[in-house]
Amino acid sequence: MFGLTLLGAVHTAFALVALVAGYAMLLRHGRIDGASTWGRLYVWCTVVTCLTAFGIFRHGGFNIAHTLAIVTLVTLAIAAAAARTRFLGGFSPYAETLGYSATLFFHMIPGLNETFTRVPVGAPLFTGPDDPALQKAIGVVLLLFLIVMAAQAWRIRKGPAAARQPHPA
């Protein structure tokens, strides 16, 4: 289906679960909380997605998607460490919240490319990673994430009471 190998299908399934969990938390709480049930689901599905990405070579050998998987794993580790240890002092809440949000954006880069170079079947929206239309789509998604992350930083700056209030969807 859609030209996926078994590893590609497993990779995609975990990525989709991570996306649902990440966006559910983002929309409901305004952030991904790695300590919550949905947050742990997001983190572990993202880790599996990154690890399975290393076995996928649809576009040749080691490429930018593999590099993005490494960046995602490092960002997850920093966000989790910031949450658990507060090693960055007053910047730890920012590193945690913005780090998890950045990883959700990182999901979108290969997600948009791999989905819309296959869909709709027979007439995909993008021709590949260098397609200018894909570059624009990723730019729009980046802009939206920068707006969300600015709002998250503002809520952290306002203090714990503002961070606990529901985030408007």
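No experiment lies behind these values; they were computed from the predicted model shown. (Residues numbered from 1 in each chain as written. Predicted model: local features only at pLDDT ≥ 70, side-chain atom pairs only at ≥ 80, totals over all residues. Heavy atoms only, no water.)

## Section: the confidence of the model for the protein
Regions with low pLDDT should not have their predicted coordinates read in detail. Scored by pLDDT, the protein has a mean of 92; 92% of the residues are at 70 or more. Every residue in residues 164-169 scores below 50 in pLDDT, and together they form 11 contacts with partners more than four places removed in sequence or on other chains. (pLDDT = per-residue confidence, 0-100. Contact = heavy atoms within 4.5 Å.)

## Remarks on the packing of helix α3 (residues 64-85) against helix α4 (residues 92-116)
Where α3 meets α4, the closest approach of the two axes is 8 Å, and the angle between their N-to-C directions is 155°. When the axes of α3 and α4 are compared, the pair comes out roughly antiparallel. For the crossing formed where α3 meets α4, the hand is left-handed. Together, Leu68, Val71, Thr72, Thr75, Leu76, Ala79, Ala80, Ala82 and Ala83 of α3 and Ser92, Ala95, Glu96, Gly99, Tyr100, Ala102, Thr103, Phe106, Ile109 and Pro110 of α4 make up the contact between the two elements. Counted by class, the contact of α3 with α4 contains 13 nonpolar, 5 polar and 1 charged residues. (Axes fitted to C-alpha atoms, helices over the stretch in contact; angles between N-to-C directions. Helix = DSSP H or I, 4+ residues; strand = E, 2+ residues; numbered from the N terminus. Parallel < 35°, antiparallel > 145°, perpendicular 65-115°, else oblique. Left-handed = near helix turned anticlockwise from the far one by under 90°. Nonpolar A, V, L, I, M, F, W, Y, C, P; charged D, E, K, R; others polar.)

## A word on helix α1 (residues 6-29)
Taking 1.5 Å of rise per residue, 24 residues should cover 34 Å, and α1 covers 34 Å from first to last C-alpha, within 8% of that figure. Listing the buried residues of α1 in full gives Gly8, His11, Ala15, Ala18, Leu19, Ala21, Gly22, Met25 and Leu26. Within two residues after α1, Gly30 carries a phi angle of roughly 80°, on the positive side. (Expected span 1.5 Å × (residues − 1). Buried < 20%, exposed > 50% of the residue type's maximum accessible area, 1.4 Å probe, protein only.)

## Details of the nonpolar core
Nonpolar side chains in soluble globular proteins tend to be buried together. Ranked by size, the top nonpolar core spans 27 residues in total, and within it Tyr42, Tyr100 and Leu104 carry the most contacts. The leading source of residues in this core is α4, at 7 residues. Each residue touching Tyr42, except ones within four places of it in the same chain, is listed here: Ala18, Ala21, Gly22, Ile32, Leu76, Tyr100, Thr103, Leu104 and His107. (Core = buried A, V, L, I, M, F, W, Y, C linked by side-chain atoms within 4.5 Å.)

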